[in-house]
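Architecture at a glance
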Amino acid sequence: MATLSRRELLRSAPLTAAGAVLAARASGEAPAVPAGNSGLTVRSHQPQNLEMPFQELKSWVTPTEQFFVRSHFAVPKVDPAAWRLRVEGAVEKPLELTLDDVKKRPAVTRPLLLECAGNGRVFLTPPARGLQWGFGAVGNAEWTGVPLAAILDEAGVKPSAVEVVLVGAETGAIAADPSTPGPIHFDRSLPIAKARRPEVLLAYKMNGADLTASHGAPLRAVVGGWYGMAAVKWLTRVVVVEKPHAGYWQTMDYSVWERKAGEVPSLVPVTAIQPKASISRPAGFEVVPAGKPYAVTGAAWAGEEKVAKVEVSADGGKTWAAAELVGEDKPFCWRMWKYTWAVPPTAGTATLVARATDAAGRGQPDKRDPDRRTYMINHLIPVEVTVR
Ligand SMILES: Nc1nc2c(c(=O)[nH]1)N[C@H]1C(S)=C(S)[C@@H](COP(=O)(O)O)O[C@H]1N2
Ligand SMILES: [Mo]
């Protein structure tokens, strides 16, 4: 391609974002569009459900514009001036806080990973209903806010309390079986012990900037170590309850079968994130050059535990070799890893698999457990590539 002068660039592509970036680069100005963001995959337009292209994973902190979005209903219009957070139920002193009130309390900033409980659903066989997430309904961001524990202490939790219900501002109805009892809020509960943990924040900033509407402005919960459904966005109520909450989002939805010896199987809410290593490169069905080393990369996470080990197989799971853990190592976050694969000299296909083991010795199941319904998807996922 011939090199264009700056004037030609401005003339040939004045209206497109890409043109603006090129023009800005040519003039030495900062580009208007952040570099390196190759966009999000639309899993559904309304409600908004957007997936990070996991093969673009580059940084330990996921940029906000590349962070997946999972919303069950339309993004609510919340007026930050009129917005209040009510803390009520089994408390000594109910609270009603403005956004400024929340921001006046001592703030903490910490990185925490969010993974949707349905991440990887596209890999289920037979196909399962629900959003067909690939690898990318996961991200690691820096959250700034107030620990939920501080707010609970201020309100004074009664000794009779067992759980804290977090309620979002938006409402909607689900018509499909099982349907909701008319329009309902999105809500989710935490046991008091988890609610008091330091990794549970009421956040108003994400990656150093005010929360965006899609990610729950003006205030959302972030529950480190638990699947994303606990991280209630557009938070308006914190209700302390004296019996376990049995709301829609932890009974009909986001629940799994639990079997204990001698007991009858029962449905329990989805809670902690399971260990998982995902391959970012090569992407599925990528063409990989024969006879050359290939840097296999990815991320691994294990919810409330740390990642102890990641292994990679280049023969579909027959033999395994240790990957190298690289970069930041913080609790409740993912760990980047890499592995140099000696790609065979002959053309054909190869199947890569990665697996993680956490600090408690838990690994990943080889096969899908149907008791998990369509959630907690951490069985081994083969990534097939073409060697050429
Ligand atoms: N109010 C509200 N909060 C919500 C949801 C929602 O639909 N409404 N979705 C939950 C789910 S299932 C996930 S995985 C996370 C996703 O957070 P994100 O959109 O910021 O990535 O938000 C959670 N919080
Ligand atoms: Mo989710």
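Details of the structure are given in the entry above.
These numbers were taken from a predicted model, which means no experiment stands behind them. (Residues numbered from 1 in each chain as written. Chains lettered and ligands numbered in written order. Predicted model: local features only at pLDDT ≥ 70, side-chain atom pairs only at ≥ 80, totals over all residues. Heavy atoms only, no water.)

**Section: the overall build of the protein**
- In terms of regular secondary structure, the protein is built from five helices and 24 strands.
- Its C-alpha radius of gyration of 23 Å places the protein within 12% of the 21 Å reference for a compact globule of 388 residues.
- Dimensions of the protein, computed from C-alpha atoms along their principal axes, come out at roughly 70 × 65 × 40 Å.
- The buried share among the 388 residues of the protein stands at 49%.
- Within the protein, contacts between residues separated by at least 24 positions form 70% of all contacts whose residues are at least 6 apart in sequence.
- Accessible surface computed for the protein: about 18,000 Å², of which carbon and sulfur atoms make up 56%.
- Positive and negative side-chain charges of the protein, numbering 45 and 38 respectively, have mean locations separated by a distance of 4 Å. (Helix = DSSP H or I, 4+ residues; strand = E, 2+ residues; numbered from the N terminus. Rg over C-alpha atoms; globule rule 2.2 N^0.38 Å. Buried < 20%, exposed > 50% of the residue type's maximum accessible area, 1.4 Å probe, protein only. Contact = heavy atoms within 4.5 Å. Areas by Shrake-Rupley, 256 points an atom, 1.4 Å probe, with all protein chains shown as cover. Lys, Arg positive; Asp, Glu negative; His and termini not counted. Charge placed at Lys NZ, Arg CZ, Asp CG, Glu CD.)

**Looking at the site of ligand 1**
- Around ligand 1 sit 20 residues, and of these Phe-68, Glu-170, His-215, Arg-220 and Lys-233 come closest.
- Between Arg-70 and ligand 1, the recorded distance is 2.9 Å, taken from a backbone N or O atom to an oxygen atom.
- His-215 is positioned such that a nitrogen or oxygen atom in its side chain is 2.6 Å from an oxygen atom of ligand 1.
- Within the complex, 100% of the 530 Å² of free accessible area of ligand 1 lies under protein.
- Only strand S3 (69–70) and strand S8 (163–172) provide two or more residues apiece to the shell around ligand 1.
- Across the shell around ligand 1, the residue classes break down as 11 nonpolar, five polar and four charged. (Near = heavy atom within 4 Å. Polar contact = N/O pair within 3.5 Å; in protein donor to acceptor, adjacent residues only side chain to side chain. Nonpolar A, V, L, I, M, F, W, Y, C, P; charged D, E, K, R; others polar.)

**Quick notes on the sheet that holds strand S1 (residues 41–44)**
- Spatial ordering of the open sheet is given by S1-S2-S3, a layout of three strands whose pairing is antiparallel. Strands with a single pairing partner mark the edges of an open sheet, and in this sheet they are S1 and S3.
- Sheet topology places strand S2 (residues 49–51) next to S3; two bridges connect them, and they run antiparallel. When the bridges of S3 are listed, Leu-50 appears paired with Val-69. (Pairing = 2+ DSSP bridges.)

**Regarding unusual backbone geometry**
- The omega torsion across Ala-217 and Pro-218 is 5°, close enough to zero to call that bond cis.
- Here Pro-218 shows up in the loop between strand S11 (209–210) and strand S12 (220–223).
- A cis amide bond links Arg-281 with the next residue in sequence, Pro-282, at an omega value of 0°.
- Looking at the secondary structure, you find Pro-282 in the loop between strand S16 (276–281) and strand S17 (287–288).

**Quick word on the nonpolar core**
- Trp-143, Leu-148, Trp-334, Trp-337 and Trp-341 are the most contacted members of the largest nonpolar core, which has 100 residues in total.
- Here this core takes six residues from strand S10 (residues 200–206), the largest share from any one element. (Core = buried A, V, L, I, M, F, W, Y, C linked by side-chain atoms within 4.5 Å.)

**Some details on the environment of Gln-66**
- Tracing the sequence through the fold places Gln-66 in the loop between S2 and S3.
- Once the C-alpha coordinates of Gln-66 and Gly-39 are considered, the two residues, 27 residues apart in sequence, prove to be 6.6 Å apart.

**Quick look at the sheet that holds strand S9 (residues 184–191)**
- The strand order across the open sheet built from five strands is S5-S4-S13-S8-S9, with neighbouring strands paired in mixed fashion. Two strands close off the open sheet at either side, each with one partner strand: strand S5 (95–97) and S9. Across the sheet, the axes of successive neighbouring strands diverge by a mean angle of 20°, strand direction being ignored.
- Two strands pair when backbone bridges link them, and strand S4 (residues 85–89) and S5 are joined in this way by three bridges, in the antiparallel orientation. Residue pairing for S5: Val-87 is matched across the bridge by Leu-95.
- Packing against the sheet, helix H4 (residues 148–155) makes contact with S4, S5, S8, S9 and strand S13 (235–241), and its axis sits at approximately 130° to S5. (Axes fitted to C-alpha atoms, helices over the stretch in contact; angles between N-to-C directions.)

**A few points about the packing of aromatic side chains**
- Scanning the model with the defined rule gives 12 aromatic pairs in all.
- With 6.2 Å between their ring centres and 45° between their planes, Phe-54 and Phe-135 make a pair best called tilted. One end of the pair, Phe-54, is in the loop between S2 and S3; the other, Phe-135, is in the loop between strand S6 (108–115) and strand S7 (138–147), with 81 residues separating them in the sequence. In this structure, Phe-54 and Phe-135 share a single accessibility class: buried.
- Here Phe-73 and Trp-249 contribute two aromatic rings whose centre-to-centre distance is 5.8 Å and whose plane-to-plane angle is 75°, an arrangement assigned as edge-to-face. Taken together, the residues span a long stretch of sequence, with Phe-73 in the loop between S3 and S4 and Trp-249 in the loop between S13 and strand S14 (255–258) at a distance of 176 residues. Across the pair, exposure class does not vary: Phe-73 and Trp-249 are buried alike.
- An aromatic cluster of at least three residues, connected via ring pairs, comprises Phe-54, Phe-123, Phe-135, Trp-301 and Trp-334.
- It is Arg-355 that lies over the ring of Trp-320; its NZ or CZ is 3.9 Å from the centre. (Phe/Tyr/Trp six-rings, centres within 6.5 Å; stacked < 30°, edge-to-face > 60°. Lys NZ or Arg CZ within 6 Å of the ring centre and 35° of its normal.)

**What to know about the pattern of salt bridges**
- A complete count under the given rule lists 20 salt bridges for this structure.
- The closest approach of N and O atoms between Arg-105 and Glu-154, which form a salt bridge, is 2.7 Å. Of this pair, Arg-105 sits in the loop between helix H3 (99–104) and S6 while Glu-154 sits in helix H4, placing them 49 residues apart in sequence.
- Exposure remark for Glu-154: the relative accessible area of 29% places this residue in the partly exposed category.
- One salt-bridge network, held together by shared partners, links Lys-194, Arg-197, Glu-199 and Glu-304. (Salt bridge = Lys/Arg side-chain N within 4 Å of Asp/Glu carboxyl O.)

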